[in-house]
Amino acid sequence: MLNLARGFAERGYKVDLVLAKAEGPYLSQVPDNIRVIDLKSRRVLYSLPGLIRYLRQERPEALLSALDHANIVALWAKKLSQVPTRVVVSVHSTLSKASTNATSIRARLIPLWVRVFYPGVDAVVAVSKGVAEDLIRLTNLRREKVHVIYNPVITPELFAKADEPLDHPWFDPSEPPVVLSVGRLTPAKDYSTLIRAFALVRKEIPARLMILGEGEERPKLEALIKELRLEQDVALPGFVNNPYKYMRHATVFVLSSRWEGFGNVLVEAMALGTPVVSTDCPSGPSEILDGGKHGKLVPVGDPNLMAKAILETLEDRKKDLSKINLTLFSLEYVMNEYAKILISE
C-alpha cells in the first residue's frame, strides 16, 4: 500500500493515507507528499465515525482499502456518509484458510461479513488468482467485479535498499551458505517446518539459517532450535527495516508458509537474483514461480522434501534468474492496473 501511495503521489495525484491509528515501523517511510490522516482509533472498527467524517469533508474520488475487517468498515463508511466516492477493496489473503485457522470469533466471522457486504463494492482487487477464486467461491461475488492485480513489489527503492552495505559476519564470502526467510513469526508462516528442514540440511553440509521477523511464535521457535541443538547455526534477529540487503547476499531464500495471499518476499528475492524454494501453499507461490519453473515448490509441512529442495538449490547456485519476466510485479505496471479501476474516465 505504501508503494502504491508513493507511486500515485509521484504521478501528481493527491494521496491521503487514512489510518485507524498512525503507528508502526513503516510510518517513517511515508514521503512528505502524502498526507497522513490519523483517525486515532484503538481498533479498526472504532475508526468508522472518523472515516465517515473524512469522506464527507474530503469527498475523495476513490477510496482503496486493504485487509478484510478494514474493507468492511470502508464499505459501511461509504454507505453511511452518502458520498459518491468509488470504493475498491483489496483482498490479501486466502480467506477460507485465514478464517478457518483464525483464533478470534471476529476473524472467523469475516467470510459471513464479506458475503453480506462485498456485493455493494465498486470493485475488488485480489492479489493472486488463487485468492480471487477462493473469494468468488466463498462469497458468490460476480466474477466481473473481481480483478487480479499482483502486489507492486519491484520498485527502485527495492534495489537501492538491496545495495546498502550489509555488516554481518555470516554473509562473508568465506562463510557457509545462508538460508534466509523473512516474515512474521506466526503459525501461518510455519517456521517450525523450515527449522526442522534446516536441521536435515545441516546434517549434510555446513550452512546457516536466518529468519527475519517478529511475532508470537518466537518462544516456540527458540525452544525448537534449542531442542535440535542449532543455536550456533540459526538466528532470529527480529524485525529489520531493510531485509533486502540480506536477500541480495543470501544463498537461497525459503518461504515455508501454510497459506499466503501472494508472497511478496518470493518476488523480492527473485528480483535480487536469489534462488528460491517455496511451499506450494494457497495462494500465490505457484503463480509467482510459474508452477515450479522459476524455483522449487514443495508440499506444505514436509521438512524432508523441503530439505531436499534446499540442498538441490544450494548445489545449483548458477541458475540465471535475470531472464525471468517480473513485469507483472513492477510498480509502474501495477499502478496502471489500479488506475483503471480507481479513476473514473
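Since we're looking at a predicted model, the values are computed, not measured.

Reading the values: the criteria
Residues numbered from 1 in each chain as written. Predicted model: local features only at pLDDT ≥ 70, side-chain atom pairs only at ≥ 80, totals over all residues. Heavy atoms only, no water. Helix = DSSP H or I, 4+ residues; strand = E, 2+ residues; numbered from the N terminus. Rg over C-alpha atoms; globule rule 2.2 N^0.38 Å. Buried < 20%, exposed > 50% of the residue type's maximum accessible area, 1.4 Å probe, protein only. Areas by Shrake-Rupley, 256 points an atom, 1.4 Å probe, with all protein chains shown as cover. Phe/Tyr/Trp six-rings, centres within 6.5 Å; stacked < 30°, edge-to-face > 60°. Pairing = 2+ DSSP bridges. Axes fitted to C-alpha atoms, helices over the stretch in contact; angles between N-to-C directions. Contact = heavy atoms within 4.5 Å. Parallel < 35°, antiparallel > 145°, perpendicular 65-115°, else oblique. Left-handed = near helix turned anticlockwise from the far one by under 90°. Nonpolar A, V, L, I, M, F, W, Y, C, P; charged D, E, K, R; others polar. Salt bridge = Lys/Arg side-chain N within 4 Å of Asp/Glu carboxyl O.

Caption draft 1: Main features of the overall build of the chain. Counting its regular elements, the chain contains 15 helices and twelve strands. Taken over C-alpha atoms, the radius of gyration comes to 21 Å for the chain, in line with the 20 Å a tight globule of 345 residues would show. Seen along its three principal axes, the alpha-carbon backbone of the chain occupies a region of about 65 × 40 × 35 Å. Burial status across the chain gives 52% buried among its 345 residues. Counting every atom, the chain has about 16,900 Å² of accessible surface; 51% of that belongs to carbon and sulfur.

Caption draft 2: Layout of the packing of aromatic side chains. Taken as a whole and judged by the stated rule, the model has seven aromatic pairs. When the ring of Phe 8 is compared with that of Tyr 13, the centres are 5.6 Å apart and the planes differ by 75°; the resulting orientation is edge-to-face. Note on Tyr 13: relative accessible area 39%, which makes it partly exposed. On the basis of an interplanar angle of 75° and a centroid distance of 5.8 Å, the ring pair of Phe 171 and Tyr 246 is categorised as edge-to-face. With Phe 171 in the loop between α8 (156-162) and β7 (178-182) and Tyr 246 in helix α11 (residues 244-249), this pair connects stretches of sequence that are 75 residues apart. Across the pair, Tyr 246 and Phe 171 agree in class, each one buried. Within the aromatic cluster, the residues linked to one another by ring pairs are Tyr 150, Phe 262 and Phe 329.

Caption draft 3: Looking closely at the sheet that holds strand β9 (residues 234-238). Strand order across the open sheet formed by six strands is β9-β8-β7-β10-β11-β12, with parallel pairing between neighbours. The sheet is open, and its two borders are formed by β9 and β12 (296-298), each paired with just one other strand. Each strand of the sheet is rotated relative to its neighbour by a mean of 20°, with strand direction disregarded.

Caption draft 4: Structural view of the sheet that holds strand β5 (residues 123-126). The strand order β3-β4-β5-β6 describes an open sheet built from four strands, whose pairing is parallel. Only two strands of the sheet have a single neighbouring strand rather than two, namely β3 (62-66) and β6 (146-148). Here the strands of the sheet are splayed against their neighbours by 25° on average, with no regard to which way each runs. Two strands pair when backbone bridges link them, and strand β4 (residues 86-91) and β5 are joined in this way by four bridges, in the parallel orientation. Paired with Val 89 across the two strands is Val 124, which belongs to β5. Against the sheet, helix α7 (residues 129-139) contacts β4, β5 and β6, and its axis sits at roughly 165° relative to β6. Running at roughly 140° to β4, helix α15 (residues 331-342) makes contact with β3, β4, β5 and β6 of the sheet.

Caption draft 5: Representation of the packing of helix α9 (residues 191-204) against helix α14 (residues 303-315) within the structure. Contact pair α9 / α14: the axes reach a minimum separation of 8 Å and the direction vectors enclose 55°. Of the possible angle classes, the one that applies to α9 and α14 is oblique. Seen from above, α9 lies across α14 with right-handed handedness. On α14, the residues that touch Thr 193, Leu 194, Arg 196, Ala 197, Leu 200, Val 201 and Glu 204 of α9 are Pro 303, Asn 304, Met 306, Ala 307, Ile 310, Leu 311 and Leu 314. Per-class residue counts for the contact of α9 with α14 are ten nonpolar, two polar and two charged.

Caption draft 6: The arrangement of the pattern of salt bridges in detail. Applying the stated rule across the entire model yields 22 salt bridges. Taking the shortest distance from any N to any O, the salt bridge between Lys 21 and Glu 23 comes out at 3.9 Å. Using a relative accessible area of 43% as the deciding quantity, one classes Lys 21 as partly exposed. Judged by its relative accessible area of 54%, Glu 23 is exposed. Each of the salt bridges in this network shares a partner with another, and the network as a whole consists of Lys 14, Asp 16, Arg 35 and Glu 58.

Caption draft 7: Region of the structure containing the environment of Arg 11. You can see Arg 11 is positioned in the loop between α1 (2-10) and β1 (16-19). Residues Arg 11 and Val 267, spaced 256 residues apart in sequence, show a C-alpha to C-alpha distance of 24 Å. Excluding its chain neighbours within four sequence positions, the residues that come into contact with Arg 11 are Glu 332, Met 335 and Asn 336.

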